[in-house]
Amino acid sequence: MGYARLQSIHVHPVKAFRSLPLREVVVEPWGPAGDRRWMLIDDGGKVVTQRGRPRLALAAAELLPGGGVRLSAPGMPPLAVPVPRTVGTLTAQLFRDKVEVLPAEDEAAHAWCSALLGTGVRLVHLDDPATRRPVDPRYALAGETVSLADGFPLLLTTTASLDALNSLISRGEHADEGPLPMNRFRPNLVVSGTDAWAEDGWSRVAVGEVVLRVAKPSGRCVVTTTDQGTADRGSEPLHSLGRHRRIDGKLVFGQNLVPLGRGTVRVGDPVRIID
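This structure is a prediction, so every number in the text was calculated from the model and none was measured. (Residues numbered from 1 in each chain as written. Predicted model: local features only at pLDDT ≥ 70, side-chain atom pairs only at ≥ 80, totals over all residues. Heavy atoms only, no water.)

A. Representation of the overall build of the protein chain. For the protein chain, the helix and strand inventory stands at 3 helices and 20 strands. Its C-alpha radius of gyration of 18 Å places the protein chain within 12% of the 19 Å reference for a compact globule of 275 residues. Considered along the principal axes of its C-alpha atoms, the protein chain spans approximately 50 × 40 × 35 Å. Within the span of the protein chain, comprising 275 residues, buried residues form 52% of the whole. A separation of at least 24 residues holds for 70% of the contacts in the protein chain among residues at least 6 apart in sequence. The averaged location of the 30 negative side-chain charges in the protein chain is 2 Å from the averaged location of its 33 positive side-chain charges. (Helix = DSSP H or I, 4+ residues; strand = E, 2+ residues; numbered from the N terminus. Rg over C-alpha atoms; globule rule 2.2 N^0.38 Å. Buried < 20%, exposed > 50% of the residue type's maximum accessible area, 1.4 Å probe, protein only. Contact = heavy atoms within 4.5 Å. Lys, Arg positive; Asp, Glu negative; His and termini not counted. Charge placed at Lys NZ, Arg CZ, Asp CG, Glu CD.)

Now the structure itself:
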């Protein structure tokens, strides 16, 4: 293994919207500051993601001071949405979890998101990530919480593993779909300078000022087959992951992490494997 470093940082201010690259970010106990504190829900209160609505890949959200977001998408006027000031929450269904969230106060926010998808949705905000949603108890330590991410505060991937996966794709029956960019996997932290699949053996890593615990490998879904620039779908990488990276019944790429403290990480920071 060479000199491991943090190559890039990404947050997703609105869950399922495209990623936002940053040069540095404060890592809080529940994830990077500004990451997945907003999401869309349908009329029944269930989360709306790229799994069922790949068009969300075309939407972007810029972080605003105070935690608000500026929404944008092709052919739509940008819209600034402040953090809700009300205290009345509603219950959203985020996969297996029920989470108390605040709806955006401005009806224009719900209308904008509904127009984007052509169906009725609401934009909601997680006001208190320190208490609202525990990490899956099968993989958590006492008191660990998470934002509106799928299940864990951070997702880490490595460039060497993506290179190895793209090599597998290039020799497969869907070679014309590769090579795939890292944004298919929607990571928070991308690390360079490691061996391919080295992250499978990590338990704790130090990135800049932060020590992170590796909770479990990341099982991948249909979102990885979605081109984040066009919203078109293909067969890869799930086809190749299914043939070469099936672990405990899951198609695995990347590792889910939980911070063991608070601190800032910056592009270029050294990455140290503790154990």
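There's more to say after this.
B. View of the nonpolar core. Counting 23 residues, the largest nonpolar core has Phe17, Leu40, Leu71, Val81, Trp112, Leu116 and Leu123 as its most contacted members. The greatest single-element share of this core, amounting to 5 residues, is contributed by helix α1 (residues 107–117). The contacts of Leu71, once residues within four sequence positions are left out, are Val14, Phe17, Ala60, Ala61, Pro77, Pro78, Leu79, Val81, Trp112, Cys113 and Leu123. (Core = buried A, V, L, I, M, F, W, Y, C linked by side-chain atoms within 4.5 Å.)

C. Expanded view of the pattern of salt bridges. One pass over the full model with this rule turns up 15 salt bridges. The partner of Asp150 in a salt bridge is Arg51, and the shortest N-O contact between them spans 2.9 Å. Note that Asp150 is positioned in the loop between β12 (122–125) and β13 (154–158) and Arg51 in the loop between β6 (47–48) and β7 (60–63), a separation of 99 residues in sequence. Taking relative accessible area as the criterion, Asp150 reaches 39% and is therefore assigned partly exposed. Taken together, the shared-partner salt bridges connect Lys15, Arg51 and Asp150 into one network. (Salt bridge = Lys/Arg side-chain N within 4 Å of Asp/Glu carboxyl O.)

D. Molecular detail of the sheet that holds strand β5 (residues 38–41). Ordered by their spatial adjacency, 5 strands build an open sheet running β6-β5-β12-β11-β10, and the pairing between neighbours is antiparallel. Bordering the open sheet on either side are β6 and β10 (90–94), each of which pairs with just one other strand. Note: β5 against β12, 4 bridges, orientation antiparallel. Its bridge partner being in β12, Trp38 is matched across the sheet by His125. Packing against the sheet, α1 makes contact with β5, β6, β11 (97–103) and β12, and its axis sits at approximately 125 degrees to β12. (Pairing = 2+ DSSP bridges. Axes fitted to C-alpha atoms, helices over the stretch in contact; angles between N-to-C directions.)

E. Geometry of the pairing of strand β1 (residues 5–11). The element β1 is largely enclosed, with a buried count of 5 among its 7 residues. Here β1 runs beside strand β14 (residues 189–192); their pairing, made up of 4 bridges, is antiparallel. Note on β14: the bridge partner recorded for Ser8 is Val190. Alignment of β1 against strand β2 (residues 20–22), held across 3 bridges, turns out to be antiparallel. Bridged to Val11 within β2 is Leu20.

F. Region of interest: the layout of surface pockets. Its boundaries defined by the atoms lining it, the largest pocket holds a volume of some 1100 Å³. Counting only elements with at least two residues in the lining of the largest pocket, the list comes to β16 (210–219) and β18 (250–259). Class assignment for the residues of the lining of the largest pocket results in 18 nonpolar, 8 polar and 15 charged. (1 Å grid on protein atoms, 1.4 Å probe; cavity = no way out; pocket = protein on both sides within 12 Å on 5 of 7 lines; lining within 4 Å. Points joined across faces, edges and corners; volume = space filled by probe spheres on them. Nonpolar A, V, L, I, M, F, W, Y, C, P; charged D, E, K, R; others polar.)

G. Looking closely at empty space enclosed by the protein. If you walk through the whole model with that rule in mind, you get 1 cavity of 30 Å³ or more. Counted as a void, the largest cavity has a volume near 30 Å³. In terms of lining residues, the largest cavity is bounded by Val81, Pro82, Pro84, Ala104, Glu105 and Asp106. The residue makeup of the lining of the largest cavity, split by class, is 4 nonpolar, no polar and 2 charged.

H. Seen up close, the pairing of strand β15 (residues 204–207). The pairing of β15 with β16 spans 4 bridges and is classified as antiparallel. Within β16, the position partnered with Val205 by the bridge is Leu212. Linkage of β15 to β16, two consecutive antiparallel strands, is achieved through a turn of 2 residues, within which Gly208 is found at a positive phi near 55 degrees. Note that β15 and strand β20 (residues 271–273) share 3 bridges and pair antiparallel. Bridge pairing in β20 links Val205 to Ile273.

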